[in-house]
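Structure assessment
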Amino acid sequence: MTLPNAQWPKLPLEQWQDTYETLHLWSQIVGKIRLAQMPWINHSWHVPFYVTVRGLTTSPIPYGAGAFEIAFDFHRHALQVTTAVGEQRSFALEPMSVADFYQKVMGVLGELHIETPIWPMPVEIPNPIQPFPEDEAHTAYDPEPVERFWRALLQVHRVFTDFRARFIGKVSPVHFFWGAFDLAVTRFSGRTAPKHPGGIPNCADWVAEEAYSHEVSSAGFWPGAGLGEAAFYAYAYPEPDGFRKYAVGPEAAYYHEALGEFILPYEAVRMADEPDTVLLEFLQRTYEAAADLAGWDRHGLERR
């Protein structure tokens, strides 16, 4: 008999912490290549990756009159660069330093006659130790937990897409931000918000100010760095009065004072008889907390 949660893999952070930290830095190298070539889109929507049936992709990146795409293939564990004229280069994802990964990526781009200088410092990470070309400390890559994380992303992406479809106001794509290494979806009330105070580690304050220029209710999923376990999160900006005391569900959800957001452990979803139902309850109830307390026009913004 197939269990109802069989498609939701285990994700104990302690079993792949080193691999996660290395992969996070690798993803930032690729993400910064996309950032260097893309025109600016509101709320940094030109920055993220997208989930695919094999891993994560930049989607097409414009380059002159052409384009190229960089994809993490977590099925065969390779990084692949493809141009619009059909040229391809790839190399295996395996234990190697961040410095070696950086050199390999830039070497592949050079072979394809693509020049994209990037700012080589990690972002949104407290106390980054070194620029990418000098980082010999992060070297781990275990394919098994990486594949499990990707399979979890597929499930989360599916449910997030369902939730996104219920909103007819301005709403982000379901996208993967390599800065914080999280899959996210954000709804907007349509009203402007107070200036964001900034303070995101190693990220210019103006980026946060533009990202939060309008009222939002945002939710996402990440491996759990800083928390200790994979989890879903939800927050509102600006946070309305009474938000953190709002009775959200399911039972395992709670407000994390230090993080300033609601948390639902991934394990609580994975082990539920109906994981989709449990996750959708968390997404809906935390959205209602933001929308009701801040007086959003729910009738005009929601699909009925």
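For clarity, every value in this text was computed on a predicted model and none was experimentally measured. (Residues numbered from 1 in each chain as written. Predicted model: local features only at pLDDT ≥ 70, side-chain atom pairs only at ≥ 80, totals over all residues. Heavy atoms only, no water.)

Observations regarding the overall build of the protein chain
Filter applied, for reference: We count a stretch as a helix when DSSP gives it H or I for four or more residues in a row; a strand needs E for two or more, and each element gets its number in order from the N terminus. Two things to know: the radius of gyration comes from C-alpha atoms, and the globule rule equals 2.2 Å times the number of residues to the power 0.38. Only heavy atoms matter for contacts: two residues are in contact if any of them lie within 4.5 Å across the pair. Note on areas: Shrake-Rupley, 1.4 Å probe, and residue coverage restricted to the protein chains presented here.
Helix and strand counts for the protein chain come out as seven helices and twelve strands. For a compact globule of 304 residues, the expected C-alpha radius of gyration is about 19 Å, and the protein chain comes in at 19 Å, within 12% of that figure. A separation threshold of at least 6 residues defines the contact pool for the protein chain, and within that pool the share at least 24 residues apart is 62%. For the protein chain, the exposed area adds up to about 13,600 Å²; of that, 53% sits on carbon and sulfur atoms.

Here we look at the environment of Val30
To be explicit about the condition: Burial classes: relative accessible area under 20% of the type maximum marks a residue as buried, over 50% as exposed, and values in between as partly exposed (1.4 Å probe, protein chains only).
Topologically, Val30 is positioned in helix H1 (residues 17-37). Residue Val30 is classed as buried on the basis of its relative accessible area of 0%. Sequence separation of Val30 and Leu93 is 63 residues, and the distance between their C-alpha atoms is 13 Å. Residues contacting Val30, with those up to four places away along its chain left out, are Phe49, Thr58, Ile70, Phe72, Leu79 and Phe101.

Here's the deal with the pattern of salt bridges
Heads up, the rule is: By convention in these notes, a salt bridge is any Lys or Arg side-chain nitrogen within 4 Å of a carboxyl oxygen on Asp or Glu.
All told, the structure shown has 17 salt bridges when counted by the stated rule. As a salt-bridge pair, Arg158 and Asp276 come within 2.5 Å of each other at their nearest N and O atoms. Placement of the pair is Arg158 in helix H3 (residues 143-164) and Asp276 in helix H6 (residues 275-294), with a sequence separation of 118 residues. Between Arg304 and Glu302 there is a salt bridge, with the nearest N and O atoms lying 3.9 Å from each other. The class of Arg304 is exposed, set by a relative accessible area of 69%. Bridged by salt links that share partners, the residues Arg285, Glu288, Asp292, Arg298, Glu302 and Arg304 form one connected network.

A short note on the packing of aromatic side chains
Quick note on the threshold: Two aromatic rings, drawn from Phe, Tyr or Trp (for Trp, its six-membered ring), form a pair once their centres lie within 6.5 Å of each other, and the interplanar angle then sorts them: stacked below 30 degrees, edge-to-face above 60, tilted otherwise.
Across all of its chains, the model carries 31 aromatic pairs by this definition. Here Phe149 and Phe221 contribute two aromatic rings whose centre-to-centre distance is 6.2 Å and whose plane-to-plane angle is 25 degrees, an arrangement assigned as stacked. Note that Phe149 is positioned in helix H3 and Phe221 in strand E9 (residues 214-222), a separation of 72 residues in sequence. We note that Phe149, like Phe221, is buried. Where Tyr287 meets Trp296, the ring centres are 5.9 Å apart and the plane angle is 75 degrees; that geometry is what we call edge-to-face. You'll find Tyr287 and Trp296 in the same group, each marked buried.

Some points on the environment of Val85
Residue position: Val85 is located in the loop between strand E5 (78-83) and strand E6 (88-92). On a C-alpha basis, the gap between Val85 and Lys195 in space is 44 Å, while along the polypeptide they are 110 residues apart.

A closer look at the packing of H3 against H6
Keep this limit in mind: Interaxial angles span 0 to 180 degrees and are taken between N-to-C directions of axes, which are lines fitted to C-alpha atoms, for helices over the stretch in contact. Reported orientations rely on four angle classes, namely roughly parallel under 35 degrees, roughly antiparallel over 145, roughly perpendicular from 65 to 115, and oblique for the rest. By convention the crossing between two helices is left-handed if the near helix lies anticlockwise of the far one by an angle smaller than a right angle, and right-handed if it lies clockwise.
The contact between H3 and H6 brings their axes to 10 Å, and the two run at 45 degrees. Between H3 and H6, the angle falls in the class oblique. The crossing of H3 and H6 is right-handed. Together, Arg158, Val159, Phe160, Asp162 and Phe163 of H3 and Asp276, Leu279, Leu280, Leu283, Gln284 and Tyr287 of H6 make up the contact between the two elements.

Focus on the domain arrangement of the protein chain
Test applied: Each domain span listed reflects an automatic or database assignment of domains. Here the buried area means the combined drop in accessible surface, using a 1.4 Å probe, for two parts upon being joined, counting both sides. Whenever two N or O atoms come within 3.5 Å, that pair is a polar contact, provided that in protein one can donate a hydrogen and the other can accept it, and provided that, for residues adjacent in sequence, both atoms are side-chain atoms.
Examined at the domain level, the protein chain breaks down into domain 1 (13-134) and domain 2 (143-300). Between the C-alpha centres of domain 1 and domain 2 the distance comes to 24 Å. Facing the 37 residues of domain 1 at the interface are 40 residues of domain 2. Buried surface at the junction of domain 1 and domain 2, summed over both partners, amounts to about 3,300 Å²; 72% is from carbon and sulfur atoms. Where domain 1 touches domain 2, the interface holds zero salt bridges. At the surface where domain 1 touches domain 2, the tally comes to twelve residue pairs in polar contact (both at pLDDT 80 or more). Contributing elements (two or more residues each) for the side of domain 1 that touches domain 2: H1, strand E1 (50-51) and strand E2 (55-57).

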